[in-house]
There are 2 protein chains.
Amino acid sequence: MAHLLLVGTGLIGGSFALAARRAGLFERVTGYDRDPAVIRRALELGIVNDSLPGLTVPLGGVDAVAIAVDPRSVADTLVTLLGAGLNAEVPTFDVASVKAPVIAALQNRLGRLPSGFVPCHPMVGAERRGPAAASADLFAGGRVFLTPVPETSDSAVQRITAWWRACGAEVSLTAADIHDARVAATSHLPHLVAFACLRRLADVWDDDLTCFAGPGLRDFSRIAASDPALWRQIFEANAERVGDELAGVIREAERFLGLIRDGRFDALQAELDVAQATRRRLFPTDGAENDD
Amino acid sequence: MAHLLLVGTGLIGGSFALAARRAGLFERVTGYDRDPAVIRRALELGIVNDSLPGLTVPLGGVDAVAIAVDPRSVADTLVTLLGAGLNAEVPTFDVASVKAPVIAALQNRLGRLPSGFVPCHPMVGAERRGPAAASADLFAGGRVFLTPVPETSDSAVQRITAWWRACGAEVSLTAADIHDARVAATSHLPHLVAFACLRRLADVWDDDLTCFAGPGLRDFSRIAASDPALWRQIFEANAERVGDELAGVIREAERFLGLIRDGRFDALQAELDVAQATRRRLFPTDGAENDD
């Protein structure tokens, strides 16, 4: 009987359990969450079949481990599980949005990574939280990055790839450093900028501002509804790259501001043209309708 | 027979015609667009019943006028229509995203505004363009700002309010200056920042970046798919306020960058908390789920 141990039964972990069970990957899901309210809710919702009282209890008969905890807690969690008897060859993955620091923390603690451990990052919208928001459809049409290291076993990569695909996601293999550099630009930067814009709106707050908040701002700022405690960890883990990206966008914004203040709107429009074209290259099928 | 003259038969104008006709407000819609391809498409799609060869032909029997052209062309269009015999009391509105410059341009040309003219701004997502994108549902659940001036007749305000409500929108009356200041913060700023972030991505472009573009970036940057020629006009028309808002967000971003580079992540998280709380105040029903 295929048995999944799920550590962290919130949105991402809960959604993996639901999607994987719907796909027939596991018959039994045992959950653990350090927050008693979260594991209780996951049990009530049927996301997990049973729960562990703690992570130091001896583990036996586990066929797979999903570690869906915050980035800073991944290494501790995996080290604890290995200490409790988890076989290093059991396919195991995390879901942190930054990969190189997770790998470095594990190398620091263990010397080498367990051969069954495959660092993963499912890139899905997660401004909601908790088991009640979990959905078997969360990964459908999404993408999951796998950043294995040389000691990772091929069979673990293959099995975990198959699981994510069964959950409806596309899977991309890449190096952790490349992953972290790219997501600094495509994910961490937009989050930071959306937070900065909302921080600005707090400074100019007036209650009637809510009337003037339309669909453009709603979509633009959806990611600023994300959990500050989680994003603080992500920004901290990827601080150098995130800082460089933010500095880069500040330079662009200052250039735009100079053009506006100098009344150089033809030049500004040329910049907007490049930006719009880039948006269309990134999302060719989305919002690209034009006069026909 | 109620007869609407629609000048500008693109997304916004076409959607108003479709929504208003569905609501039974007009039996006949006569269209004009300076782009022959756009008016031809609007005719083919049945958005307008017939078309004017030009705006200087004598106008008779028009009960309402919608001027859905770019902000810079509103005053010219209305002055031309009045010259062609449009009665100044006929309920007439524009849809420009900036109101005070439209009003000032008309005051400059006409001394006082026609009593039937009600400056309007439907705040709806418009990153699509053209008559083919027009929809009778575009305004449903949206909001339209009306910024009448002292000489605007109450009956024009009442009739145009009723039309927008019949199209499914909420209507808010406000002063043009207040409108322009608020939308600088809630609409023009996010557009400018989204353009700046996409301009940054153009600088660090690598073809595999598309793989790393997830749902967060998609929603955040949807407004950067908007028409650069239109947005250049909006930024130009509201330049001082837009510049001040952009300067404000640059200061916030620099503060965030300083905290990141100094490793002060507790302080950064406190800023993210304020930003997230502000997002939730703006959109209380949206993406606010939490652990339960």
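Caption draft 1: Up close: the relation of the copies chain B and chain A. Mapping chain B onto chain A calls for a rotation angle of 180° and an axial translation of 0.0 Å; the resulting RMSD is 0.0 Å. Seen this way, the second copy is the image of the first under a two-fold rotation axis. Rotation axis and chain B: the residue whose C-alpha lies nearest the axis is B:Phe220, separated from it by 1.9 Å. Here 100% of the contact residues of chain B are again contact residues in chain A; the copies associate through an equivalent surface.

Caption draft 2: Seen up close, the packing of helix 6 (residues 176–203) of chain A against helix 8 (residues 228–237) of chain A. Residues and elements named next belong to chain A. Packing of helix 6 against helix 8 brings their axes to within 11 Å, and their N-to-C directions diverge by 125°. Viewed along their axes, helix 6 and helix 8 adopt a mutual orientation that is oblique. Note that helix 6 runs across helix 8; the crossing there is left-handed. Counted together, Ser187, His188, His191, Leu192 and Phe195 of helix 6 and Trp231, Ile234 and Phe235 of helix 8 form the full contact between these two elements.

Caption draft 3: Seen up close, the interface of chain B and chain A. The partner chain A presents 105 residues to the 105 residues of chain B that form the contact. The junction of chain B with chain A conceals about 9600 Å² of combined surface from both sides, 65% of it contributed by carbon and sulfur atoms. A salt bridge links B:Asp207 to A:Arg281; the shortest N-O distance between them is 3.5 Å. Counting across the chain B and chain A interface gives 32 residue pairs in polar contact (both at pLDDT 80 or more).

Caption draft 4: Broad picture of the side chain of A:Gln269. Examined against the element boundaries, A:Gln269 turns out to sit in helix 10 (residues 265–282). Taking the relative accessible area as the measure of exposure, A:Gln269 reaches 18% and is therefore buried. The residues contacting A:Gln269, other than those within four sequence positions of it, are B:Pro228, B:Ala229 and B:Arg232.

Caption draft 5: Highlighting the sheet that holds strand 8 (residues 143–146) of chain A. Residue and element names in this part refer to chain A. Strand order across the open sheet formed by three strands is 7-8-9, with mixed pairing between neighbours. At either margin of the open sheet sits one strand with a lone partner, and together these are strand 7 (120–123) and strand 9 (170–173). Averaged over all adjacent pairs, the angle separating strand axes in this sheet is 20°, with direction ignored. The sheet contact formed by strand 8 and strand 9 spans four bridges and is parallel. Looking at the pairing, Leu146 lines up with Leu173 of strand 9.

Caption draft 6: Examining empty space enclosed by the protein more closely. Applying the stated rule across the entire model yields one cavity of 30 Å³ or more. Quantified by volume, the largest cavity comes out at close to 110 Å³. In this structure, the largest cavity is lined by 13 residues; those nearest its centre are A:Val193, A:Val249, A:Ala253, B:Val249 and B:Ala253. Those elements giving two or more residues to the lining of the largest cavity turn out to be helix 6 and helix 9 (239–261) of chain A together with helix 6 (176–203) and helix 9 (239–261) of chain B. Across the lining of the largest cavity, the residue classes tally to 13 nonpolar, no polar and no charged.

Caption draft 7: Main features of the packing of aromatic side chains. Scanning all chains against the criterion turns up 19 aromatic pairs over all chains. Note on B:Phe16 and B:Phe93: the rings are 5.0 Å apart at their centroids and 80° apart in plane angle, and the pair reads as edge-to-face. You can see B:Phe16 sitting in helix 1 (residues 11–22) and its partner B:Phe93 sitting in strand 5 (residues 92–94), a full 77 residues away along the chain. The exposure classification of B:Phe16 matches that of B:Phe93, with both residues buried. Among the aromatic residues, those joined into a cluster by ring pairs are A:Phe16, A:Phe26, A:Phe93, A:Phe139, A:Trp163 and A:Trp164.

Scoring rules and cut-offs
Position labels on residues start from 1 in each chain and follow its written sequence. Here chains are named by letter from A upward and ligands by number from 1 upward, in the order in which they appear as written. Note on the predicted model: pLDDT of at least 70 is required for a residue's local features to be given, and 80 or more for side-chain atom pairs to be given and counted; whole-chain, interface and lining totals, by contrast, use all residues. Side-chain numbers come from the whole structure's heavy atoms, not from hydrogens or water. Fitting of the copies onto one another was done by least squares over C-alpha atoms, counting residues only where both copies have pLDDT of at least 70. Contact definition: two residues touch when any of their heavy atoms are within 4.5 Å. Only the contacting stretch of a helix is used when fitting its axis, a line to C-alpha atoms as for every element, and angles between N-to-C directions run 0 to 180 degrees. Only DSSP runs of H or I covering at least 4 residues are called helices, and only runs of E covering at least 2 are called strands; the numbering of each starts at the N terminus. Any angle that falls under 35 degrees is termed roughly parallel, while one over 145 is termed roughly antiparallel, one within 65 to 115 roughly perpendicular, and all others oblique. With the far helix as reference, a near helix turned anticlockwise by less than a right angle produces a left-handed crossing, and one turned clockwise produces a right-handed crossing. Defined in terms of a 1.4 Å probe, buried area is the accessible area two parts forfeit on being brought together, summed over both. Note on definitions: salt bridges are taken to be side-chain nitrogens of Lys or Arg within 4 Å of carboxyl oxygens of Asp or Glu. Two N or O atoms count as a polar contact when they lie within 3.5 Å, although within protein this holds only if one can serve as hydrogen donor and the other as acceptor, and sequence-adjacent residues are included solely when both atoms are side-chain atoms. Exposure categories follow from relative accessible area, calculated using a 1.4 Å probe and restricted to protein chains: below 20% of the type maximum is buried, above 50% is exposed, and the middle band is partly exposed. Criterion used throughout: strands pair if DSSP finds at least two bridges between them. Only protein atoms enter the calculation, which uses a 1 Å grid: trapped sets of points that fit a 1.4 Å probe without letting it out are cavities, open sets showing protein on both sides within 12 Å along at least five of seven lines are pockets, and any residue with an atom within 4 Å of a point is a lining residue. Grid points are joined across faces, edges and corners, and a volume is the space filled by probe spheres set on the points. Any residue that is not Ala, Val, Leu, Ile, Met, Phe, Trp, Tyr, Cys, Pro, Asp, Glu, Lys or Arg is counted as polar, Gly included; the first ten are nonpolar and the last four charged. Each Phe, Tyr or Trp ring, with Trp reduced to its six-membered ring, pairs with another whose centre is within 6.5 Å; inter-plane angles below 30 degrees give stacked pairs, above 60 give edge-to-face pairs, and intermediate values give tilted ones.

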